[in-house]
Amino acid sequence: MTKKLIALAVCLCLILAMAGCSSSKIETYSEDDTAAATTAPDSSVPTDDDADATDDADTAAEDTVEAQGYAAFDADEVVGTVNGSDVTWREYYYWLNYYTSYVQYLAYSYGVTLSSWDAYELSSSYTNAEVVILNAQSAVSQYRAVEAMAEEYGITLDEEDQESMESTYQSDVDTYAGDGDGEVTDEEIAAFEDYLAEQFMDMDLYTYLNTIQYLDEDLFIYLYGEDGSGVTDEEVAAYVEENGLMAAKHILLMTVDSSTGEALTDEEIAEKEATIQELYDQLIAVEDQDEMIALFDELTAEYTEDTGYDYYPDGYIFAEGEMVEEFEDAVEALEEYQLSEIVESSYGYHIILRIPVDGDATYSVSTTYGSYSLRYYIASETFTDLLDEYTTAAQDAAVWNDGFGTDTMDIAAVFEL
């Protein structure tokens, strides 16, 4: 059985949000203006994966972005201000370009045809053009929000950050403009600057984007500690109660094929039933609770067929509706450290041990960022909420010059669909 990950949903409209772990949030501008999230590139330099995504989008819609659109305005022209800080056409175009390409890639992936900038194919409330412009403006605002937070909390780049940034820069030069030998020459640095220009960037913008990433991470650690260690046990307990979280371990013998989902033969199922009964009999024969728990762990490691066991060896933390009904009902009926009887679900036969919710136990697993604890998840969620407040304030204070706002910009003069 696999726990339903508390994952962030993929939408067609995007808004960058670093959320502590340099992941990103995707916001959809729907009728109720609700938000969901997914990942976006965590590097300021486009990667090969980014290029592949754009190539796929180009297959569906020829030449998504017209490069001459960048030349429509001077790169250093100020197009607006956010938190009193100038936004140049270079920075604005960087985000407009990113979201145009990425939105088209996602539309292609989901079989959505984008017919024109004035159509409502990405949202029922906003035109395709407004979706891209709003997301670009939100990205700019969020970066300014991180700056504002860093200033308020007195966070600046330390020596380790600066050394890391320099190492990243050297690696980027070697990767994108060098020969990959680990050595950076003056010629390669010049070639890298040319490469950035091809990506509608310069060194100032490249440095700025990377600086904000480091400040974001430093802010998170300052407020919540490394890996969320600053979240107290009391805060974990409050979150557990507020969200109705439970935790449990189990031994699972599957009655379906884990790769196809098809039922096993009657003979195979009978063997599983006999085995689970033997394991249950062993467990209930142990009177000492600590010894029973130790035996449970041993038997789980030896017998369980749960495909999620390697990711969640210490059990699952979950809320209502995240597990199959039979499993969830059984856990709710148990006291902590109490053993269930044999439970049958669509997956097979379970023996369940309810355990306390541990803030340092694995809460979820991401293919991108690996596993993370409940304590870290709480910290990330809290940090995201705080950053959203600063971002909203930055958006409210933003002033976009005539011709660059959602109601005045002619995006069709810059990009083609």
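Now for a look at the structure at hand. Keep in mind the model is a prediction, meaning the values are calculated, not measured.

Within the fold, Glu 188 resides in helix 5 (residues 186-198). Judged by relative accessible area, which is 9%, Glu 188 ranks as buried. Put simply, Glu 188 and Gly 178 are ten residues apart on the chain and 5.3 Å apart in space, counted from C-alpha to C-alpha. Apart from residues no more than four positions distant in its own chain, Glu 188 is found in contact with Val 173, Asp 174, Ala 177, Gly 178, Asp 179 and Glu 183. A polar contact of 3.3 Å, which involves the side chain of Glu 188, links it to the backbone nitrogen of Asp 179.

Let us look at the sheet that holds strand 2 (residues 85-88). Strand order in the open sheet made by the three strands is 2-1-9, with antiparallel pairing throughout. In this open sheet, the two strands that pair with only one neighbour each are strand 2 and strand 9 (399-400). Relative to strand 9, strand 1 (residues 78-82) runs antiparallel, the two being bridged by two bridges. Residue pairing in the sheet places Gly 80 in a bridge with Trp 400 of strand 9.

Let us look at the packing of aromatic side chains. In total, this model carries 34 aromatic pairs according to the counting rule given. When the ring of Trp 89 is compared with that of Phe 404, the centres are 5.9 Å apart and the planes differ by 55 degrees; the resulting orientation is tilted. Taken together, the residues Trp 89 in helix 2 (residues 89-109) and Phe 404 in the segment after strand 9 connect sequence positions 315 residues apart. As far as burial versus exposure is concerned, Trp 89 and Phe 404 are alike and both buried. With centroids separated by 6.1 Å and ring planes inclined at 25 degrees, the aromatic side chains of Trp 95 and Tyr 99 adopt a geometry described as stacked. With a gap of four residues between them, Trp 95 and Tyr 99 both fall in helix 2, about one helical turn apart. Residues Trp 95 and Tyr 99 agree in their burial class; the two are buried. Ring pairs connect the aromatic residues Tyr 70, Phe 73, Trp 89, Tyr 92, Tyr 93, Phe 200, Trp 400, Phe 404 and Phe 415, which therefore count as one cluster.

When two helices pack together, their arrangement is given by the angle between the helix axes and by the axis-to-axis distance. Orientation of helix 4 (residues 159-176) relative to helix 5, taken along the N-to-C sense of each, is 80 degrees, at an axis distance of 9 Å. On the basis of the axis angle, helix 4 is roughly perpendicular to helix 5. Of the residues in helix 5, those in contact with Tyr 169, Asp 172, Val 173, Asp 174 and Tyr 176 of helix 4 are Glu 188, Ile 189, Phe 192 and Tyr 195. A per-class count over the contact of helix 4 with helix 5 returns six nonpolar, no polar and three charged.

Burial analysis of strand 6 (residues 348-354) places seven of its seven residues in the buried class, which makes it a mostly covered element. Inspection of the sheet shows strand 3 (residues 246-254) paired to strand 6 by seven bridges, in the antiparallel sense. Across the sheet, residue Lys 249 finds its bridge partner in strand 6, namely Leu 353. Between strand 5 (residues 343-344) and the antiparallel strand that follows it, strand 6, lie three residues.

Ordered in space as 4-3-6-5, the four strands form an open sheet in which the pairing is antiparallel. Each edge of the open sheet is held by one strand with a lone partner, namely strand 4 (316-318) and strand 5. With three bridges connecting them, strand 3 and strand 4 associate as antiparallel partners. Bridge pairing links Met 246 to Phe 318 in strand 4. This element, helix 10 (residues 325-332), spans strand 3, strand 4, strand 5 and strand 6 of the sheet and lies at about 130 degrees to strand 3.

Turning our attention to the packing of helix 2 against helix 6 (residues 203-224). Where helix 2 meets helix 6, the closest approach of the two axes is 10 Å, and the angle between their N-to-C directions is 60 degrees. Here helix 2 runs over helix 6; the crossing is right-handed. Seen from helix 2, the contacting residues are Arg 90, Glu 91, Tyr 94 and Trp 95; seen from helix 6, they are Leu 205, Tyr 208 and Leu 209. Here the contact of helix 2 with helix 6 is built from residues that sort into five nonpolar, no polar and two charged.

What follows concerns the pattern of salt bridges. Within the structure shown, the criterion is met by eight salt bridges. When the shortest N-O distance is used, the salt bridge between Arg 90 and Asp 202 registers 3.2 Å. A residue pair is termed long-range when its members are at least 10 positions apart, and Arg 90 in helix 2 and Asp 202 in the loop between helix 5 and helix 6 qualify at 112 residues. The salt bridge involving Arg 144 is made with Glu 91; its shortest N-O contact spans 2.8 Å. Of this pair, Arg 144 sits in helix 3 (residues 128-153) while Glu 91 sits in helix 2, and the two are 53 residues apart along the sequence. For Glu 91, a relative accessible area of 6% gives the class buried. Where salt bridges share partners, they join Asp 76, Arg 90 and Asp 202 into one cluster.

Positionally, Gly 154 belongs in the loop between helix 3 and helix 4. Note on Gly 154: relative accessible area 56%, which makes it exposed. As for Gly 154 and Leu 219, which are separated by 65 residues in sequence, their C-alpha atoms are 9.4 Å apart.

Basis of the calculations
- Residues numbered from 1 in each chain as written.
- Predicted model: local features only at pLDDT ≥ 70, side-chain atom pairs only at ≥ 80, totals over all residues.
- Heavy atoms only, no water.
- Helix = DSSP H or I, 4+ residues; strand = E, 2+ residues; numbered from the N terminus.
- Buried < 20%, exposed > 50% of the residue type's maximum accessible area, 1.4 Å probe, protein only.
- Contact = heavy atoms within 4.5 Å.
- Polar contact = N/O pair within 3.5 Å; in protein donor to acceptor, adjacent residues only side chain to side chain.
- Pairing = 2+ DSSP bridges.
- Phe/Tyr/Trp six-rings, centres within 6.5 Å; stacked < 30°, edge-to-face > 60°.
- Axes fitted to C-alpha atoms, helices over the stretch in contact; angles between N-to-C directions.
- Parallel < 35°, antiparallel > 145°, perpendicular 65-115°, else oblique.
- Nonpolar A, V, L, I, M, F, W, Y, C, P; charged D, E, K, R; others polar.
- Left-handed = near helix turned anticlockwise from the far one by under 90°.
- Salt bridge = Lys/Arg side-chain N within 4 Å of Asp/Glu carboxyl O.

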